[in-house]
Amino acid sequence: MSMKAAWKRLATEAKAAKARRILDMFKDETRAEAFSAQACGMYFDYSKTALDSAGMAVLFDLAEGANVGSARDAMFRGEKVNTTEDRAVLHTALRNLNGSVFVDDEDVMPDIRATLARMKAFSEAVRAGRFEGQGGAITDVVNIGIGGSDLGPRMAVRALAPYHDGPRVHFISNVDGADAADVLRKLDPAHTLVIVASKSFTTIETMTNARTVRHWMAKAVIAPAGQFVAVSCDLEQTGAFGIAADRVFGFGDYVGGRYSVWGPIGLSLMLAIGPDRFNDFLSGGAAMDAHFRQAPLRKTYRSCSR
């Protein structure tokens, strides 16, 4: 079927779906099983939609006609599938704990693993009290970021709350000063670690909030920048802010912000749940990546062990 014919058929199926009652579709006792998927310990139920088998078939036709499988494989190979910026898209490499991944004939995995090891060492030091605030052990962490530098770790920290056994984690993203004020009024600056997440370290909203928090901390401690960490790729900018190079964690331009929680942007999560559980988090992502690469496109169920 041509792509034009597939799109036309999809429009027809969408029109038909509007006339259906979902309750009526459950007269088919096999619907719940047929319109659900399981992999890697996760269950996805899409039976409670107006989608039927004909609609599913045309969606698969479209995916195959658009060469989704080929594009997927190119992404994992490190090809520059982000044609707008001429970049690879390799958030998957951040959770790939085995093997090599090449971009422009260079294996990016050694740098990724080295950064992960640095994150682990720093997190362990904070959680064990070896890295302290100027009043003693770190009890609270504030992550300052915007977009993917905020939403990814914020979501993961909240989702994995039952596994928190480290310092409390808070987030500031809104440039409105009320956001920072609401977070900071509950904290002791002498026991607070601040993570400034900005790849360029020039993002206006993030740096405005970073300066606000540094000013707040300066009222209580002698060297506030000593309790700041940067997730950035610009050592010159982070150094000018007063953050030592050994407290700067960077990542490649092949990682888009919205997917970056698997790397240094996830430092706040690692501090909350610990390096071992963060490694489990990465392993889960890698397992789903493997499922995505291996499961037949038209197969809705595939068992996946970790």
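I will try to describe carefully the structure that is included in this document. If you're wondering where the values come from, they're calculated on a predicted model, not measured in any experiment.

**Details of the pattern of salt bridges**
Here's step 1: According to the stated counting rule, one finds 15 salt bridges in the structure shown.
Here's step 2: Across the pair Asp-45 and Lys-48 runs a salt bridge, and its minimum N-O distance is 2.7 Å.

**Quick notes on helix α8 (residues 148–159)**
Here's step 1: Compared with the 16 Å implied by 1.5 Å per residue over twelve residues, the 16 Å span of α8 between its first and last C-alpha is a close match.
Here's step 2: In this fold, the buried residues of α8 make contact with β7 (140–144), β8 (168–172), β9 (192–197), α12 (267–273) and α13 (275–294).

**Some thoughts on the nonpolar core**
Here's step 1: With 41 residues, the main nonpolar core has Phe-122, Leu-193, Leu-267, Phe-278 and Phe-281 as its most contacted residues.
Here's step 2: Counting residues per element, the ones that place at least two in this core are α6 (91–94), α7 (109–128), α8, β8, β9, β10 (228–231), α12 and α13.
Here's step 3: Listed in part, the 22 residues of the second largest apolar core include Leu-187, Ala-230, Phe-241 and Ile-243.

**Observations regarding the pairing of β8**
Here's step 1: The buried count for β8 comes to four of five residues, which makes it a mostly enclosed element.
Here's step 2: Sheet topology places β7 next to β8; five bridges connect them, and they run parallel. Following the sheet pairing, Val-142 is matched in β8 by His-170.
Here's step 3: Tracing the backbone out of β7, into α8 and back to the parallel element β8 gives a crossover that is right-handed.

**Description of the packing of α7 against α13**
Angle between the axes and distance between the axes are the two parameters that describe a pair of packed helices.
Here's step 1: Following both chains from N to C, one finds α7 and α13 inclined at 145 degrees, their axes separated by 10 Å at the closest point. On the side of α7, the interface is formed by Leu-116, Met-119, Lys-120, Ser-123, Glu-124 and Arg-127, while α13 contributes Pro-275, Phe-278 and Leu-282.
Here's step 2: Taken together, the residues that form the contact of α7 with α13 break down as five nonpolar, one polar and three charged.

Conventions we followed
Residues numbered from 1 in each chain as written. Predicted model: local features only at pLDDT ≥ 70, side-chain atom pairs only at ≥ 80, totals over all residues. Heavy atoms only, no water. Salt bridge = Lys/Arg side-chain N within 4 Å of Asp/Glu carboxyl O. Helix = DSSP H or I, 4+ residues; strand = E, 2+ residues; numbered from the N terminus. Expected span 1.5 Å × (residues − 1). Contact = heavy atoms within 4.5 Å. Core = buried A, V, L, I, M, F, W, Y, C linked by side-chain atoms within 4.5 Å. Buried < 20%, exposed > 50% of the residue type's maximum accessible area, 1.4 Å probe, protein only. Pairing = 2+ DSSP bridges. Right-handed = clockwise from strand over helix to strand, strands pointing away. Axes fitted to C-alpha atoms, helices over the stretch in contact; angles between N-to-C directions. Nonpolar A, V, L, I, M, F, W, Y, C, P; charged D, E, K, R; others polar.

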